[in-house]
Every structure is written in C-alpha cells, then in structure tokens.
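# Structural overview
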Amino acid sequence: CAMQIHYDVDRIKHILQSLTRLTGISLSFMNTEQEYLCYCCPPGNFCGELFARDPQASRRCWVSDRRLLTACKESCRPEGHICHAGLFDVAIPIVKNSLVVGYLVSGQVRLPDSALPEVFRGDPRLVDLWNQHPCYSAEQLESFMTLLPRFLLAEAIQVRHDDLAYDVADYMKQNLAQKLDIDQLCNTFFVSKNTLYRLFEKNYGTTVKQYLISLRM
C-alpha cells in the first residue's frame, strides 16, 4: 500500500458520539476507500423515522452521500449539498501531512431557509420531527466540520510513511514505459512534493528525478 494509516476506531466513535449528543448533528467517518468506519445518528429523528417507514429512503440517502463524497474526493475540499429529504450535508477530506487520510460527513441539518419537501408534508409525525431537527447555517456547519478533524488527527488517526518511498520506487519500476513525473506520482500516492522529496533523500540518498533516471539507464 502507498501509506499505512492506523484508525483508532473506538476513539473516533467516542468523539463522534459525544459531538452528536452535544449538537444533534449526524456524523460519519470513512477511510480513504470511502468505507464507513463509524456512523453516529441521534435517536428518534426525522431520518430514522423515514428509514423505518420506507426501505427505499435509506438507499436514496446512500446514493446522495456517494455523490457528495465523489465531489469531495475530486475537489479535495469541503463540499455541501441538499439531500433528497431537503436536509443539508457536508463532506470534508481529512488531511494530515499533506495526505488525505479519511473523509468526514455531517448531515441531516436544517438550514434557516430550508423547507420540508412537499411529499412529506401530509404526515404530522414527519412534520413534527422535521421541526425538531437541529437548525444551523451552512457557515456554522462548515466551521464545525473544519475544527473537528483537529480532534481526530490529534488522537485517533496515525499515518506511517515507512513504506511510501519503497512503494513509489516499485511503482516507477513497474511503469517505466509510461511518462512519469513528480506531479503524477504525487497524485497517485496522495502525497506532497516536499514529503516525496524528503522520503527519497532519506531512503535512497537521491532525488526522485535522479532515481528515475538511474532506473532507465
């Protein structure tokens, strides 16, 4: 693998559960493959009731989350949207040492000017639960999501670079017929130029460019 990431899942779950209880905001954490490691949702809320009544609602929610995460992965910056149920979601990449080490999604939040979709308005129970949903501005939610990774990165996510130089070197050996450059290598391995320069100097005593030249001689 290009990098070794250790997730303290119990610690991540504890942090997200505590914040969910405090704010009423649903929080999910995914690894770099966008696989769910933790999902925290307030009990008895609008979405839980909707999922219990309509099995397809959960599927629509999953599709909505996938679209949001794809946009986040492609832009490598926070992305937000209104989901199929009219609630606001935000996804952010969690970055450590210039590497994306996971993704955080918060959601099921009412914006001050949002409205319950018309399809749900005939159900008094759903209307009541909608009105009880936490209401934050997009700016408040994005600020909250920007601060949250500091807690995760400080205690719950550790990145090891021990094998990264070897993995990049092996990739170069296997792809000598292709056009290789530092930008392409950094994009492939989710690493900054400075980190890659430093690792090659430490492990091979040379630059990435000189190492590639030596392979092709």
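The model shown is predicted, which means the values in this text are computed figures rather than measured ones.

Parameters at a glance
Residues numbered from 1 in each chain as written. Predicted model: local features only at pLDDT ≥ 70, side-chain atom pairs only at ≥ 80, totals over all residues. Heavy atoms only, no water. Helix = DSSP H or I, 4+ residues; strand = E, 2+ residues; numbered from the N terminus. Rg over C-alpha atoms; globule rule 2.2 N^0.38 Å. Buried < 20%, exposed > 50% of the residue type's maximum accessible area, 1.4 Å probe, protein only. Contact = heavy atoms within 4.5 Å. Areas by Shrake-Rupley, 256 points an atom, 1.4 Å probe, with all protein chains shown as cover. Lys, Arg positive; Asp, Glu negative; His and termini not counted. Charge placed at Lys NZ, Arg CZ, Asp CG, Glu CD. 1 Å grid on protein atoms, 1.4 Å probe; cavity = no way out; pocket = protein on both sides within 12 Å on 5 of 7 lines; lining within 4 Å. Points joined across faces, edges and corners; volume = space filled by probe spheres on them. Phe/Tyr/Trp six-rings, centres within 6.5 Å; stacked < 30°, edge-to-face > 60°. pLDDT = per-residue confidence, 0-100. Patch = residues over 30% accessible without salt bridge, like charges linked within 9 Å, V, L, I, M, F, W, Y side chains within 5 Å. Salt bridge = Lys/Arg side-chain N within 4 Å of Asp/Glu carboxyl O. Pairing = 2+ DSSP bridges. Arc of directions from axis to C-beta.

Right, let's get into the overall build of the protein. Helix and strand counts for the protein come out as nine helices and seven strands. Taken over the C-alpha trace, the protein has a radius of gyration of 21 Å; the compact-globule value for 217 residues is 17 Å, which it surpasses by more than 25%. Overall, the protein is about 75 × 35 × 30 Å in size when its C-alpha atoms are taken along their principal axes. Split into buried and exposed, the 217 residues of the protein put 47% on the buried side. Taking the contacts inside the protein whose residues are at least 6 apart along the sequence as the reference set, 61% of them involve residues at least 24 apart. Per element, the accessible surface of the protein, about 11800 Å² overall, is 51% carbon and sulfur. Here the protein contributes 23 positively and 24 negatively charged side chains, and the mean placements of these two sets differ by 3 Å.

Quick look at empty space enclosed by the protein now. Inspection of every chain in the model, using the stated rule, returns one cavity of 30 Å³ or more. Counted as a void, the largest cavity has a volume near 160 Å³. Along its surface, the largest cavity is lined by 19 residues, and Tyr 39, Cys 61, Asp 65, Asp 89 and Gln 108 are the ones closest to its centre. Breaking the lining of the largest cavity down by element, the ones donating at least two residues are strand 2 (26-30), strand 3 (36-40), helix 2 (46-53), helix 3 (55-75) and strand 6 (99-109).

As a further point, take the environment of Val 119. Locating Val 119 in the fold gives a position in the loop between strand 6 and helix 4 (124-132). A residue is classified by how much of its surface remains accessible, and Val 119, at 69% relative accessible area, is exposed. Between the C-alpha atom of Val 119 and that of Ala 85, which follows or precedes it by 34 residues, the distance is 9.3 Å.

A separate point is the packing of aromatic side chains. Under the counting rule described, the total for this entry stands at five aromatic pairs. Seen in terms of ring centroids, Phe 200 and Tyr 211 are 5.4 Å apart; in terms of plane orientation they differ by 80°. Their pairing is edge-to-face. Taken together, the residues Phe 200 in helix 8 (residues 193-204) and Tyr 211 in helix 9 (residues 208-216) connect sequence positions 11 residues apart. Judged on exposure class, the residue Phe 200 and its partner Tyr 211 are both buried. Counting every residue linked through ring pairs, the aromatic cluster contains Phe 46, Phe 120 and Trp 130.

Right, let's talk about the confidence of the model for the protein for a bit. For the protein, per-residue confidence averages 85 on the pLDDT scale, and 94% of positions sit at 70 or higher. Of all secondary-structure elements in the protein, the lowest mean pLDDT belongs to strand 7 (residues 157-160), at 73, while strand 2 reaches the highest, 93.

What follows covers a nonpolar patch on the surface. A cluster of nonpolar side chains, contributed by Tyr 36, Tyr 39 and Trp 62, occupies part of the molecular surface with about 310 Å² of accessible area. Looking at the secondary structure, you find Tyr 36 in strand 3. Since its relative accessible area comes to 34%, Tyr 36 is described here as partly exposed.

If you trace the backbone, His 133 turns up in the loop between helix 4 and helix 5 (138-155). With near-sequence residues (within four places) excluded, His 133 lies in contact with Asn 45, Phe 46, Cys 47, Leu 87, Gln 108 and Arg 110.

Our next topic: the pairing of strand 4 (residues 79-82). Side chains Glu 79 and His 81 of strand 4 all project onto a buried face; the interleaved residues Gly 80 and Ile 82 project onto a face where none is buried. Note: strand 4 against strand 5 (residues 88-96), four bridges, orientation antiparallel. Directly across from Gly 80, in strand 5, lies its bridge partner Val 90. Between strand 4 and the antiparallel strand that follows it, strand 5, lie five residues; Gly 86 among them carries a positive phi value of about 85°.

As a further point, take helix 4. Taken residue by residue, helix 4 has Leu 126, Leu 129 and Trp 130 as its buried positions. Seen end-on, helix 4 carries its buried residues on one side only, within an arc spanning 105°. Projecting away from the buried face of helix 4 at angles above 90 degrees are the exposed residues Pro 124 and Gln 132.

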